[in-house]
Amino acid sequence: CPDGTTIVVAGVCLVAEWDAGDGQFSFPQDVAVDGNDNLYVADIDDTAIHVFTFADPCLGGTTEVVAGVCFVTRWGSLGTGDLQFSFSLGGVAADALGNVYTIDESNRRVQVFAPLVSTPVPIDYNFILKWGQDLTEDGRFVASDGLAVDASGKVYVADTFNHRVQVFDSSGAFQLQWGSNGAGDGQFQSPNDVAVDSAGNVYLADTGNDRIQKFDSSGTFIGWLGKCTAGANCDTINQKSNGFACTTATCTGLGDGSGDGQVSNPGGLHVDGSDNLYVANTGLGNVQVFDSTGTFLLKLGSFGSGDGQLFNNFDVAVDGSGNIYVADVSNERVDKFDSSGAFLGWAGKCTAGSNCDIPNLKSNGFACTAATCTGATSGNGDGQFATPRGVAVDSSGNVYVADTDDTFLPVRIPELEHVAAEIEDRRIRMGKDSGFEKNYAKVTMQYFGGMARHLEGLKSLLKPGAKLAYVVGDQASYLRVLIRTGHLLSEIANSLGYESERIDLFRTRRATATRSELREEVLVLRWPG
């Protein structure tokens, strides 16, 4: 390993680890790397963009995080103004000029920032423009899950809730849009991600329709890829499209499928240097690879938790050697495969084994397998993951993982954290280790985090004095841990600026497991404006 790095296993060098304050994170949602290998991290809880560069020694105006990794700057705060973001700060991308694009989801907009100087290591950034509002007209959107920037600087936004793609130039001027809600040619149902190849072709993860659609750079529909059962352009024997050749006129039987060349709930997309398309097939627990014509090349992974298996794989990235990295969300790890799809190992939390760094409870790089590491579970320490949703690789082969526990909580709620910890502790003591049981504490946090995100998103729509009412119920799961839903939601609402006027009893019921009396309540909130 070079000076300043540490050998964690033969051929794998630890470059950097960091996690709170300047150059440290609380809830990193997305990452991007520009043409100068500057790294941008969108941190939701911090509502900020952090910038790093790689140099040894660090240049003037930068601060060493660890040898060879330099913190450059950060910007952002909570709010609706320029240089401010909502709690649901989303994707981040950088163009060839070093301009940084962010999806500010709850504020329903894209913001663009430019470096103050054009050197490889900019010390600060200026806000230059924004576009998009909570509307359906051209140039505006409700919420967006993915974006991409092509070689010419055009910005493509997967406008998820409006079921369309929008394209902007590098100045934010609206160029064109296409798509509508449906299952026809060029129609979408909640497109999750977008990618662009070197020829300017655009690929859309048409998540709700279980297919990938391809368009030219002007938005002209080329065809879709996925399951079919009949038609002139359908491989009826294997029930899949002949590449990106399917249309409503030439293929029928579109739907969820599990075979080669079929797609189920597609998540992240990645186009490599050879214009091969990688699809994170979230619903199937695999990644499928196609060439630019849609010819099936490779499938790796299967649903599960063993070696080479995936469970809610949200994203995929490829390095310069063709190694494939998969964000394996529910297995709380990042898996590595070679270019042929052979499993190499995983990185994440472990407690024992020959390839486990036992003092630090983490894998020795991407070296863990079922035979060499045990105790894989969620963790928030260095080299551990809770919900790794995003993964990216830079030109030097460094791997970046966006790790989030999906809470979206504006502040810490001690009672909620205690409930989640009690659920996990009881699960371990009871020896419960099924997939659902292992994720029950996390799902509990996700529910309340989702409600926090919902309440945050409503604030811009509500008039001062508006009132909201929610019917909620206490829970006492089969793990026999009481969850006081109304009380916890009230605390979360108060932390977001709402006023909890009252919690009224609606009715009572008996818990199935404990037979204890549980309350169903009406929580009444007021938005003061």
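Residues numbered from 1 in each chain as written. Predicted model: local features only at pLDDT ≥ 70, side-chain atom pairs only at ≥ 80, totals over all residues. Heavy atoms only, no water.

*Asks:* Just to check I follow, could you spell out the overall build of the protein for this structure?
*Replies:* Along the backbone of the protein there are three helices and 40 strands. Here the protein holds 529 residues, and the buried ones make up 52% of them. At a minimum sequence separation of 6, the contacts of the protein that also span at least 24 residues come to 47%. For the protein, the exposed area adds up to about 21200 Å²; of that, 49% sits on carbon and sulfur atoms. (Helix = DSSP H or I, 4+ residues; strand = E, 2+ residues; numbered from the N terminus. Buried < 20%, exposed > 50% of the residue type's maximum accessible area, 1.4 Å probe, protein only. Contact = heavy atoms within 4.5 Å. Areas by Shrake-Rupley, 256 points an atom, 1.4 Å probe, with all protein chains shown as cover.)

*Asks:* Explain the pattern of salt bridges here, please?
*Replies:* Close approach of charged atoms allows side chains of opposite charge to pair. For the coordinates displayed, the defined rule picks out 13 salt bridges. Between aspartate 206 and arginine 211 there is a salt bridge, and its shortest N-O distance comes to 2.7 Å. Judged by relative accessible area, arginine 211 falls into the buried class, the value being 0%. Here lysine 467 and glutamate 501 are joined by a salt bridge, their closest N and O atoms 3.2 Å apart. Here glutamate 501 lies in strand β39 (residues 499-510) and lysine 467 lies in strand β36 (residues 466-473), a separation of 34 residues in the sequence. A residue is classified by how much of its surface remains accessible, and lysine 467, at 54% relative accessible area, is exposed. (Salt bridge = Lys/Arg side-chain N within 4 Å of Asp/Glu carboxyl O.)

*Asks:* Sorry, what's going on with the sheet that holds strand β14 (residues 164-168) here?
*Replies:* Backbone hydrogen bonds are what pair the strands of a sheet, in a parallel or an antiparallel way. If you walk across this open sheet you meet the four strands as β12-β13-β14-β15, and the pairing is antiparallel. Strands at the two margins of the open sheet, each flanked by one partner only, are β12 (146-149) and β15 (174-178). Ignoring which end each strand starts from, the neighbouring axes of this sheet average 15° apart. Bridge analysis of β12 against strand β13 (residues 155-159) gives four bridges, and the strand direction is antiparallel. Looking across to β13, one finds that alanine 148 is bridged to tyrosine 156. (Pairing = 2+ DSSP bridges. Axes fitted to C-alpha atoms, helices over the stretch in contact; angles between N-to-C directions.)

*Asks:* I would appreciate a short explanation of the pairing of strand β19 (residues 221-226) in the present structure.
*Replies:* Consecutive side chains of a regular strand alternate in pointing toward one face of the sheet and then the other. When strand β18 (residues 211-215) meets β19, the two strands line up antiparallel, connected through five bridges. Residue pairing across strands places glutamine 213 opposite tryptophan 224, the latter belonging to β19. With antiparallel pairing between neighbouring strands as the criterion, β18 and β19 make up a hairpin whose turn holds five residues, including glycine 219 at a positive phi of roughly 90°.

*Asks:* How should the packing of aromatic side chains be read in this particular structure?
*Replies:* By convention here, two paired aromatic rings are described through the distance between centres and the angle between planes. Scanning all chains against the criterion turns up 11 aromatic pairs. Ring geometry for phenylalanine 290 versus phenylalanine 296: centroids 5.9 Å apart, planes at 70°, classification edge-to-face. Measuring from ring centre to ring centre gives 5.7 Å for phenylalanine 337 and phenylalanine 343, while their planes differ by 65°; the resulting arrangement is edge-to-face. By relative accessible area, phenylalanine 337 is classed as buried at 1%. (Phe/Tyr/Trp six-rings, centres within 6.5 Å; stacked < 30°, edge-to-face > 60°.)

*Asks:* In this structure, what is going on with the state of the cysteines? I would like to understand it.
*Replies:* Structurally, a disulfide amounts to a covalent bond that connects the sulfur atoms of two cysteines. The final tally for this structure, using the stated rule, is four disulfides. Two residues share a disulfide in this structure: cysteine 246 and cysteine 251, whose sulfurs sit 2.0 Å from each other. Disulfide cysteine 246 to cysteine 251: torsion about the S-S bond roughly -75°, handedness left-handed. Judged by its relative accessible area of 5%, cysteine 251 is buried. (Disulfide = S-S within 2.5 Å.)

*Asks:* How should I be thinking about unusual backbone geometry in this particular structure?
*Replies:* With a phi close to 65°, aspartate 275 is a non-glycine residue in the positive phi region. With relative accessibility at 15%, the residue aspartate 275 sits in the buried group. One non-glycine residue, leucine 361, lies in positive phi territory at about 55°. Its location among the elements puts leucine 361 in the loop between β32 (356-357) and β33 (362-363). Residue class for leucine 361 comes out partly exposed when judged on its relative accessible area of 32%.

*Asks:* How should the sheet that holds β39 be read in this particular structure?
*Replies:* A sheet is described by the order of its strands in space; here three strands give the open sequence β36-β40-β39, paired in antiparallel fashion. Both edges of this open sheet fall to β36 and β39, since each of them pairs with a single strand only. If you compare each strand with its neighbour and ignore which way they point, the axes differ by 15° on average. Two strands pair when backbone bridges link them, and β39 and strand β40 (residues 517-527) are joined in this way by 10 bridges, in the antiparallel orientation. In the strand pairing of β40, serine 500 is matched with leucine 525. Across the face of the sheet, helix α3 (residues 485-495) comes into contact with β36, β39 and β40 while running at roughly 165° to β39.

*Asks:* So what exactly am I meant to see when it comes to the nonpolar core here?
*Replies:* Note on soluble globular proteins: their nonpolar side chains tend to be buried together. Counting residues in each nonpolar core, the largest one holds 29 residues, and the members touching the most others are Ile423, Leu455, Leu468, Tyr470, Tyr498 and Leu525. Counting residues per element, the ones that place at least two in this core are α1 (414-430), α2 (435-458), β36, α3 and β40. Broken down by element, the residue count for this core peaks at eight residues, all from α2. If we skip the residues at most four places from it in the chain, leucine 455 touches Leu468, Tyr470, Ala493, Leu496, Tyr498 and Leu525. (Core = buried A, V, L, I, M, F, W, Y, C linked by side-chain atoms within 4.5 Å.)

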